[in-house]
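# A structural walkthrough
Letter by letter, the chains look like this.
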Amino acid sequence: MSSVPVAVVTGSNKGIGLAIVRALCKQFPGDVYLTSRDPGRGQAAVAQLQQEGLRPLFHQLDIDDLQSIRALRDFLKEKYGGLNVLVNNAGIAFKVHDTTPFAVQAEVTLKTNFFGTRNVCTELLPLMKPYGRVVNVSSMVSSSALGGCSQELQQKFRSDTITEDELVQLMTKFVEDTKKSVHQKEGWPNTAYGVSKIGVTVLSRIQARLLNEQRKGDHILLNACCPGWVRTDMAGPKATKSPDEGAETPVYLALLPSNADAPHGQFVSDKTVRPW
Ligand code: NAP
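Right, let's walk through the structure included here. (Residues numbered from 1 in each chain as written. Predicted model: local features only at pLDDT ≥ 70, side-chain atom pairs only at ≥ 80, totals over all residues. Heavy atoms only, no water.)

## Things to note about the overall build of the protein
Scanning the protein from terminus to terminus reveals 10 helices and eight strands. In terms of overall size, the protein behaves like a compact globule, its C-alpha atoms giving a radius of gyration of 18 Å where 276 residues would be expected to give roughly 19 Å. Each principal axis of the C-alpha distribution contributes one length, and for the protein these read about 55 × 40 × 35 Å. Counted over contacts in the protein with a minimum sequence separation of 6, partners at least 24 positions apart contribute 72%. (Helix = DSSP H or I, 4+ residues; strand = E, 2+ residues; numbered from the N terminus. Rg over C-alpha atoms; globule rule 2.2 N^0.38 Å. Contact = heavy atoms within 4.5 Å.)

## Some details on the pairing of strand β6 (residues 221-226)
Most of β6 sits inside the fold, with six of its six residues counted as buried. A two-sided burial pattern is seen for β6, the buried positions comprising Leu221, Asn223 and Cys225 on one face and Leu222, Ala224 and Cys226 on the other. In this sheet, β6 lies alongside strand β5 (residues 128-137) in parallel orientation, the contact comprising five bridges. Paired with Asn136 across the strands is Ala224, a residue of β6. Both β6 and strand β7 (residues 267-269) contribute to a ladder of three bridges, which runs parallel. Note on β7: the bridge partner recorded for Cys225 is Val268. (Buried < 20%, exposed > 50% of the residue type's maximum accessible area, 1.4 Å probe, protein only. Pairing = 2+ DSSP bridges.)

## Here we look at the site of the ligand
Contacts to the ligand come from 29 residues, most closely from Arg37, Asn89, Tyr193, Val230 and Thr232. Within the side chain of Asn13, one N or O atom sits 2.8 Å away from an oxygen atom of the ligand. Between the ligand and Arg37, the relevant distance is 2.7 Å, taken from an oxygen atom to a side-chain nitrogen or oxygen of the residue. Out of a free accessible area of 900 Å², the ligand has 94% covered by protein chains. Of all the secondary structure elements, the ones that give two or more residues to the shell around the ligand are α1 (15-27) and α8 (192-214). For the shell around the ligand, the per-class residue count stands at 12 nonpolar, 10 polar and seven charged. (Near = heavy atom within 4 Å. Polar contact = N/O pair within 3.5 Å; in protein donor to acceptor, adjacent residues only side chain to side chain. Areas by Shrake-Rupley, 256 points an atom, 1.4 Å probe, with all protein chains shown as cover. Nonpolar A, V, L, I, M, F, W, Y, C, P; charged D, E, K, R; others polar.)

## Section: the packing of helix α4 (residues 102-124) against α8
Close contact between α4 and α8 brings their axes to 8 Å; oriented N to C, the two are set at 20 degrees. It follows that α4 is roughly parallel to α8 by the angle criterion. The handedness of the crossing between α4 and α8 is right-handed. In this structure, α4 uses Phe102, Gln105, Ala106, Thr109, Leu110, Asn113, Phe114, Arg118 and Cys121 to contact α8, whose residues at the interface are Ala192, Tyr193, Ser196, Lys197, Gly199, Val200, Leu203 and Gln207. When grouped by side-chain class, the residues that make up the contact of α4 with α8 number nine nonpolar, six polar and two charged. (Axes fitted to C-alpha atoms, helices over the stretch in contact; angles between N-to-C directions. Parallel < 35°, antiparallel > 145°, perpendicular 65-115°, else oblique. Left-handed = near helix turned anticlockwise from the far one by under 90°.)

## Overview of helix α6 (residues 151-158)
Of all the positions in α6, only Leu153, Gln154 and Phe157 are classed as buried. Projected down its long axis, α6 carries its buried residues within an arc of 100 degrees, all on one side. Facing away from the buried side of α6, by more than 90 degrees, are the exposed residues Gln151, Glu152 and Gln155. Summarising the contacts, the buried residues of α6 are in contact with α5 (140-147), α7 (164-179) and α8. (Arc of directions from axis to C-beta.)

## Thoughts on the sheet that holds strand β3 (residues 57-60)
Reading across from one edge, β3-β2-β1-β4-β5-β6-β7-β8 is the order of the eight strands in this open sheet, with mixed pairing throughout. On the outer flanks of this sheet lie β3 and β8 (272-274), each paired with one strand and no other. With strand direction ignored, the average angle separating the axes of adjacent strands in the sheet is 30 degrees. In the sheet, strand β4 (residues 83-88) pairs with β5 via five bridges, with the strands oriented parallel. Counterpart to Leu86 in the pairing with β5 is Val134.

This is the structure in structure tokens:
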């Protein structure tokens, strides 16, 4: 078994994920795994970074596919005995003018951004080694979408005692409510992406709390973040940050030094803790 530290970035064949891998290859003292649901796109991205003189490793990972997540889990367990850095970056967003029915957009967006990310956490968080760092890439849109929720929902999403099961029930209810066209009456904002990212931010707060309760002595730090508005296929060419600039906050959180005890369980943008 290798004692080399190991970092994994989900959805890293392009965009911000690829830039996070690039930065980690330069700054993380260990093996860095670029992962992609499509091996062809993943290997092409590895080749691109190799051209830049970097040495990322590759593993397939589709966060929508539990078997794929478990294959990565077993590989990490066997080869490294665990994991030091996990960046949950993979995500999707429908374009603003996409005509796909809202209920379908809700189901598909929540499936990857919330349920897929949660499944990765369920399988990989138990593997985190002491002083491990976990970064869940959320969005400022989670904050604005929270502001668009009913007072009752806002209270639930800001609660310090909400459980993962309760959060899953709420995310499932959103999808069901969109199918019945009652989501706005039920207090939800009209954004599937925004609700999915509320899920990611709240999940991060819950997971950090559980780490405090169950693994305090392991000094693991887990945070949600916004990368900013970044020029990628998702956000388009008018966005203000380059992918490398978008990677800065996730990489800062992934490389928090071993003597740091904060931030933890926070929502961070531009390397600054934001109110939730
Ligand atoms: P992007 O260029 O569209 O890249 C998204 C990445 O996620 C791609 O590698 C994509 O793979 C991957 N992915 C999607 N579904 C996946 C799945 N089921 N399993 C594994 N990988 C999957 O988007 P981006 O702008 O870099 O976004 C990265 C993250 O930042 C997302 O979580 C996004 O919500 C968040 N974010 C972005 C912005 C922004 O302004 N760009 C702002 C706030 C937050 P494929 O190539 O196979 O599709």
